[in-house]
Amino acid sequence: MGIFDADRYLASIDLIDVDELRAQGVRCVLFDRDNTCVPRDTGIIPPKVAAWFSRVREAGIDLCMVSNNIHADQVRASARELGCDAIAFALKPLPLALTRALRLRGLRPDEAVMVGDQVYTDVVSGTLAGVRTVLVRPQSASDLWYTLILRRLERLIVGDRSFEGE
Ligand SMILES: [Mg+2]
């Protein structure tokens, strides 16, 4: 397992089995915002994604949005909509924000999972923080210009790997 390899590859965040999270001892889901739960093109959280967040909360699992987005007000608004905490300007791939979220909750890395749509930010930060990682497909083709460059590099790693649920 390299730093760029996720533990799991899924078509979308809402396909994560909440019962399985509990069985794995996961007590907190750390997750990316843009194109993981909030599509960059519409900015509207899809109902099935919102429903998944409700199921996670009902299972007693904590949630924390960890976003590199510098617009803290937008990040907080999405987190509020999903009923969870948020850290904006997280500086992923550095693991600092993830580690802080776990420390605040008194959790060990093996009690958390990081979910995101980008290898170089989400998967790497999760790996460095020592948590299990899930890479999902981006919800839209709309990305920031530098993300589009990273996507080309990402293809070298993800290649034609199959994602569960596709
Ligand atoms: Mg993202």
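Residues numbered from 1 in each chain as written. Predicted model: local features only at pLDDT ≥ 70, side-chain atom pairs only at ≥ 80, totals over all residues. Heavy atoms only, no water.

For a metal with four tetrahedral donors the ideal donor-metal-donor angle is 109.5 degrees, whereas six octahedral donors ideally subtend 90 or 180 degrees. With distances of 2.1 to 2.2 Å, the protein atoms coordinating the magnesium ion are Asp32 (OD), Asp34 (O) and Asp117 (OD). Summarised as a motif, the one-chain spacing of the donors to the magnesium ion is D-x1-D-x82-D. Within this pair, whereas Asp34 is found in the loop between β2 (28-31) and α2 (47-58), its partner Asp117 is found in the loop between β5 (112-116) and α5 (119-129), the two being separated by 83 residues in sequence. Asp117 sits in the buried class, given a relative accessible area of 1%. (Donors = N, O, S within 2.8 Å, 3.2 Å for Na, K, Ca; no water. Helix = DSSP H or I, 4+ residues; strand = E, 2+ residues; numbered from the N terminus. Buried < 20%, exposed > 50% of the residue type's maximum accessible area, 1.4 Å probe, protein only.)

Core analysis: the largest hydrophobic core is formed by 27 residues, its most contacted members being Val29, Phe31, Trp52 and Phe53. For this core, the elements supplying multiple residues, two or more each, are α1 (18-23), β2, α2, β3 (62-66), α3 (72-82), β5 and β6 (132-136). By residue number, the principal contributor to this core is α2, which donates 4 residues. In contact with Val29, other than residues within four places in its own chain, are Leu21, Trp52, Val56, Ile61, Asp62, Leu63, Cys64, Val113 and Val115. One finds Val66, Leu98, Ala112 and Val131 within the second-largest nonpolar core, a separate group that totals 15 residues. (Core = buried A, V, L, I, M, F, W, Y, C linked by side-chain atoms within 4.5 Å. Contact = heavy atoms within 4.5 Å.)

It is worth spelling out the pairing of β5 at this point. For β5, the buried fraction is high: 5 of the 5 residues fall into the buried class. Every second residue of β5 is oriented toward a common face, with Ala112, Met114 and Gly116 on one face and Val113 and Val115 on the other, all of them buried. Bridging between β2 and β5 involves 4 bridges; their strand directions are parallel. Counterpart to Val29 in the pairing with β5 is Val113. Here β5 pairs with β6 via 4 bridges, running parallel. Looking at the pairing, Met114 lines up with Thr133 of β6. Handedness of the crossover joining β5 and β6 through α5: right-handed. (Pairing = 2+ DSSP bridges. Right-handed = clockwise from strand over helix to strand, strands pointing away.)

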